[in-house]
Amino acid sequence: MATKYQFAGSILSADLLRLQADVQDALDAGIDVIHFDVMDFHFVPNLTFGPGLLAQMRKAFPQAIFDVHLMVDPVTEDIIRAYADAGASWISFHPEACVHVDRTLALIQSLGCKSGLVLNPGTAPQMLRYLWDKLDFVLVMTVNPGFGGQKLIPAALQKVSDVRRMAAEANVKPAIEVDGGVDPVTVGACAKAGANVFVVGSAFFGKSDRKAALAALHEGLTL
Ligand code: DX5
Ligand code: ZN
């Protein structure tokens, strides 16, 4: 995966009644990736988007990178296939919700998608050590998943550094994505800790001027 910095706009903070126009606006503003949060009201206390919506978005935006973050329990082969068929570019899931993590990562790659594992704030990164060959990226949750607009948990940045160090020790360079509470003030610390993909919901889709919001985020990287 690309190693330069990428921003992934989370449609959770978009105007859902004008989603197509909002995604177009985000792409026009220069967002790199569209982050698509899938919640099942079971793994997390919220319910969001299904594969039907993703398929329509893929049709409307054939060139876009769609980053599907599965917050579902259990993670099944059917769910993975449904989102891959609908046009996901990247698919990540939480290991707590999956019995066969290694096999599921391999399945995602075999369907032509980038594979990612998501670590909740209380989840240790040790298992990554055994999975590098099937992992394209690691998504470190910097809030507890379920809702946009929360405050970044500082201890999660320590985990980002730990993951970056573990990857270096294993001689691999996965993308490290952070999700939750990323804004112009916190993005610099995320990058310093070793993250290179930043999910931005309220700090991007939540703003009316997306160009200005993205410029502020890029500026935050240099502080
Ligand atoms: C939270 C989701 C995030 C959310 C981030 O469970 O996984 O993708 O949209 O929103 P902000 O950027 O507002 O914290
Ligand atoms: Zn997410």
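Throughout this document, residue positions are counted from 1 along each chain, in the order its sequence is written. Numbering of ligands from 1 and lettering of chains from A proceed in the order in which they are written. Local features in a predicted model are, by the rule used here, given only for residues with pLDDT of at least 70; side-chain atom pairs are given and counted only at 80 or more, and totals for whole chains, interfaces and linings are based on all residues. The side-chain quantities take in all heavy atoms of the structure and omit both hydrogens and water.

A. Looking closely at the site of ligand 1. One heavy atom suffices: a residue is near a molecule or strand as soon as one of its heavy atoms comes within 4 Å of it. What surrounds ligand 1 is a group of 20 residues, the closest being Ser-10, Asp-37, Gly-146, Asp-179 and Ser-202. Among the detected pockets, ligand 1 sits in the largest pocket. Per the convention used, a helix needs a DSSP run of H or I reaching at least four residues, while a strand needs a run of E reaching at least two, with both numbered from the N terminus. Only β2 (33-39), β3 (66-71) and β8 (197-200) provide two or more residues apiece to the shell around ligand 1. In terms of residue count, β2 provides more of the shell around ligand 1 than any other element does, three residues in total. All amino acids are sorted into three groups, where Ala, Val, Leu, Ile, Met, Phe, Trp, Tyr, Cys and Pro are nonpolar, Asp, Glu, Lys and Arg are charged, and the leftover types, Gly among them, are polar. In terms of residue class, the shell around ligand 1 is built from eight nonpolar, ten polar and two charged. Detection works on a 1 Å grid of protein atoms alone, calling trapped sets that fit a 1.4 Å probe cavities and calling open sets with protein on both sides within 12 Å along at least five of seven lines pockets, with lining residues defined by an atom within 4 Å of a point. Molecule-in-pocket calls rest on the fraction of atoms, with more than half required to lie within 2 Å of the cavity or pocket grid points.

B. Expanded view of the packing of aromatic side chains. Classification of ring pairs uses Phe, Tyr and Trp, with its six-membered ring standing for Trp, and accepts pairs whose centres are within 6.5 Å; under 30 degrees between planes counts as stacked, over 60 as edge-to-face, and the remaining range as tilted. Per the stated rule, a full pass over the model turns up five aromatic pairs. Ring plane angle 35° and centroid distance 5.2 Å describe the contact between Phe-7 and Phe-198, whose orientation is recorded as tilted. Of the two residues, Phe-7 sits in strand β1 (residues 6-10) while Phe-198 sits in strand β8, which places them 191 residues apart along the sequence. Burial classification: accessible surface area is computed with a 1.4 Å probe over protein chains only, and a residue below 20% of its type maximum counts as buried, one above 50% as exposed, and the rest as partly exposed. Classification of Phe-198 as buried rests on a relative accessible area of 0%. When the centroid spacing of 5.2 Å and the interplanar angle of 75° are considered together, the rings of Phe-204 and Phe-205 count as edge-to-face. Given the relative accessible area of 0%, Phe-204 is considered buried. Ring pairs connect the aromatic residues Tyr-5, Phe-7 and Phe-198, which therefore count as one cluster.

C. Here's a closer look at the packing of helix α3 (residues 77-86) against helix α4 (residues 101-110). Angles run from 0 to 180 degrees between N-to-C directions of axes, and those axes are lines fitted to C-alpha atoms, restricted for helices to the stretch in contact. α4 packs onto α3 with a crossing angle of 20° between their chain directions and a minimal axis gap of 10 Å. Of the possible angle classes, the one that applies to α3 and α4 is roughly parallel. As α3 packs across α4, the resulting crossing turns out to be right-handed. Across from Glu-77, Ile-80 and Arg-81 in α3, the residues of α4 making contact are Thr-104, Leu-107 and Ile-108. Between 65 and 115 degrees an angle is taken as roughly perpendicular, under 35 as roughly parallel, over 145 as roughly antiparallel, and anywhere else as oblique. Handedness of a crossing is defined here by the sense of rotation of the near helix relative to the far one, left-handed for an anticlockwise turn of less than a right angle and right-handed for a clockwise turn. By the convention used here, residues are in contact when the closest approach between their heavy atoms is within 4.5 Å.

D. Structural view of the nonpolar core. Remark: nonpolar core denotes a set of buried residues (Ala, Val, Leu, Ile, Met, Phe, Trp, Tyr, Cys) joined through side-chain atoms within 4.5 Å. Residues Ile-11, Ile-91 and Phe-198 are the most contacted members of the largest nonpolar core, which totals 69 residues. If you look at the next biggest cluster of nonpolar residues, it comprises eleven residues, including Val-118, Leu-139, Val-197 and Val-199.

E. Region of interest: the coordination of the zinc ion (ligand 2). As a rule, N, O and S atoms within 2.8 Å of a metal are its donors, except that Na, K and Ca use 3.2 Å; water is not among the atoms, so sites may look incomplete. Within the protein, His-35 (NE2), Asp-37 (OD), His-69 (ND1) and Asp-179 (OD) serve as the donor atoms for the zinc ion (ligand 2), at 2.1 to 2.3 Å. By the criteria applied here, four donors are tetrahedral when all angles lie between 85 and 135 degrees, four are square planar and six octahedral when opposite donors are over 155 degrees apart and every other angle lies between 65 and 115, and any other arrangement is irregular. Taken together, the six donor atoms coordinating the zinc ion (ligand 2) and their angles of 69 to 171° define a geometry best described as octahedral. Sequence positions of the donors to the zinc ion (ligand 2) reduce to the motif H-x1-D-x31-H-x109-D. Of this pair, His-69 sits in strand β3 while Asp-179 sits in strand β7 (residues 175-179), and the two are 110 residues apart along the sequence. You can call His-69 buried: its relative accessible area is 0%.

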